[in-house]
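Examination of the molecular architecture
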Amino acid sequence: GPPSSTLFPYTTLFRSIGSTKRKMNDLPGAIASYNRALKADEKFFLAYNNRGSIYFDQGKLAEAVKDFDKTIQFNSRYAMAYNNRGSVKFKQEKYKEAEADYDMAIKYDPGYGGAYLNRGIAREMTRNTEGACADWEKAKELGVEQGKRYLITDCNN
C-alpha cells in the first residue's frame, strides 16, 4: 500500500466522521468509521481510544479494555487512554487497578483535572479519604466543578 504519510489524512478523515457519527448517536456508524481508519493504519491510536469509548458507553467492557490497551500500546504516553481504561476498571469494581491507571494519566498529563477527580473517587472506594480529598482539591484547582462538590459533601471543606 501507499506509505503511511499519505494515509494520515485518510485516517484523520475517518476518525472525524466517526466522531461526528458518535455525536449524532449513530454508534454503529461511528464504530464502522473507526474500523475503516484502523484498516488504513492499524497503529492509529486515537481511533482505538474513540472506539473504546463507544464500547464503554455500550457496556462492552472487555472490548473497551482491549481498545484502550491498543491505544496505550501505540502511544504509551496518551493520558486519556489511561483515564478511560481506569474508568472501565472502576466500573468492574477493580478500584486499585483503576487508581493505578489514573496515576498514569496524571503522570503523563499533570494538568488533567478529570483524572484527579476520577482517582479521588477510586480512592474513596478504597477508604483512602485523605487521598480522595487531596485529589478533589487538585481537580477543583484545575477547574473541574465536580471536584468542588465532592469536597463539600465528603471532605468538610
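Residues numbered from 1 in each chain as written. Predicted model: local features only at pLDDT ≥ 70, side-chain atom pairs only at ≥ 80, totals over all residues. Heavy atoms only, no water.

1. Digging into the pattern of salt bridges
For clarity, the threshold we go by: A carboxyl oxygen of Asp or Glu within 4 Å of a side-chain nitrogen of Lys or Arg is what we treat as a salt bridge.
Scanning the model with the defined rule gives 12 salt bridges in all. When salt bridges that share partners are traced, they join Lys96, Glu99, Asp103, Arg119, Arg123 and Asp135 into one network.

2. Here's the deal with the packing of helix α8 (residues 129-141) against helix α9 (residues 145-154)
Rule in force here: With axes taken as lines fitted to C-alpha atoms, and helix axes fitted only over the stretch in contact, angles between N-to-C directions fall between 0 and 180 degrees. Strands are runs of DSSP state E lasting at least two residues, helices are runs of H or I lasting at least four, and both sets are numbered from the N terminus onward. Here is the rule for handedness: rotate from the far helix to the near one, and if that takes an anticlockwise turn smaller than a right angle the crossing is left-handed, while a clockwise turn gives right-handed. Every residue pair with non-hydrogen atoms within 4.5 Å of one another is taken to be in contact. Just so you know the grouping, Ala, Val, Leu, Ile, Met, Phe, Trp, Tyr, Cys and Pro go in nonpolar, Asp, Glu, Lys and Arg go in charged, and all remaining residues, Gly too, go in polar.
As a packed pair, α8 and α9 sit with axes 7 Å apart at the nearest point and diverge in direction by 145 degrees. Crossing hand, α8 versus α9: left-handed. In contact with Thr129, Cys133, Trp136, Glu137, Ala139 and Lys140 of α8, α9 contributes Gly147, Lys148, Tyr150, Leu151 and Asp154. Its residues assigned to classes, the contact of α8 with α9 shows 5 nonpolar, 2 polar and 4 charged.

3. What about the environment of leucine 27?
Test applied: Burial classes: relative accessible area under 20% of the type maximum marks a residue as buried, over 50% as exposed, and values in between as partly exposed (1.4 Å probe, protein chains only).
Along the chain, the position of leucine 27 falls in helix α2 (residues 27-40). Of the residues examined, leucine 27 reaches a relative accessible area of 18% and is grouped as buried. C-alpha of leucine 27 to C-alpha of aspartate 57: the two residues are 30 residues apart in sequence and 9.7 Å apart in space. When sequence neighbours within four positions are dropped, the list of residues in contact with leucine 27 reads Arg22, Ile54 and Gln58.

4. Description of the packing of aromatic side chains
Think of a pair of aromatic rings as described by two things: how far the centres are apart, and how the planes are tilted against each other in angle. Selection criterion: Ring pairs shown here join Phe, Tyr and Trp side chains whose ring centres sit within 6.5 Å, with only the six-membered ring taken for Trp; geometry is labelled stacked below 30 degrees between planes, edge-to-face above 60, and tilted in between. Criterion for a charge above a ring: Lys NZ or Arg CZ within 6 Å of the ring centre, and within 35 degrees of the ring normal.
Scanning the entire structure with this criterion turns up 5 aromatic pairs. Ring geometry for tyrosine 48 against phenylalanine 74: centres 5.9 Å apart, planes inclined by 20 degrees, an arrangement best described as stacked. With tyrosine 48 in helix α3 (residues 45-57) and phenylalanine 74 in helix α4 (residues 61-74), the pair connects residues that are 26 residues apart, well separated along the chain. Among the residues examined, phenylalanine 74 registers a relative accessible area of 26% and is labelled partly exposed. Positioned above the aromatic ring of phenylalanine 56, the side-chain terminus of lysine 91 is 5.0 Å from the ring centre.

5. A look at the nonpolar core
What counts, and what does not: To define a nonpolar core, start from buried Ala, Val, Leu, Ile, Met, Phe, Trp, Tyr and Cys residues and group those joined through side-chain atoms within 4.5 Å.
With 19 residues, the main nonpolar core has Ala105, Tyr112, Ala115, Leu117, Trp136, Ala139 and Cys155 as its most contacted residues. At the level of elements, α5 (79-91), α6 (95-108), α7 (113-125) and α8 are the ones that each hand at least two residues to this core. Top element by residues in this core is α8. It accounts for 4 residues. Residue contacts for tryptophan 136: discarding those within four places in its chain leaves Tyr116, Leu117, Gly120, Ile121, Glu124, Gly147, Tyr150, Leu151, Asp154 and Cys155. Listed in part, the 16 residues of the second largest apolar core include Tyr34, Ala37, Ile54 and Leu61.

6. Some thoughts on the packing of α7 against α8
Rules: Put simply, angles under 35 degrees are roughly parallel, angles over 145 are roughly antiparallel, angles from 65 to 115 are roughly perpendicular, and the rest are oblique.
Interaxial distance between α7 and α8 falls to 8 Å at its minimum, and their mutual angle equals 160 degrees. In terms of their interaxial angle, α7 and α8 are classed as roughly antiparallel. When you trace α7 past α8, the crossing you get is left-handed. Here Gly113, Tyr116, Leu117, Arg119, Gly120, Ile121, Arg123 and Glu124 of α7 come into contact with α8, specifically with Thr129, Gly131, Ala132, Asp135, Trp136, Lys138 and Ala139. Residues of the contact of α7 with α8, tallied by class, amount to 6 nonpolar, 4 polar and 5 charged.

Just distances and angles here, no functional claims.
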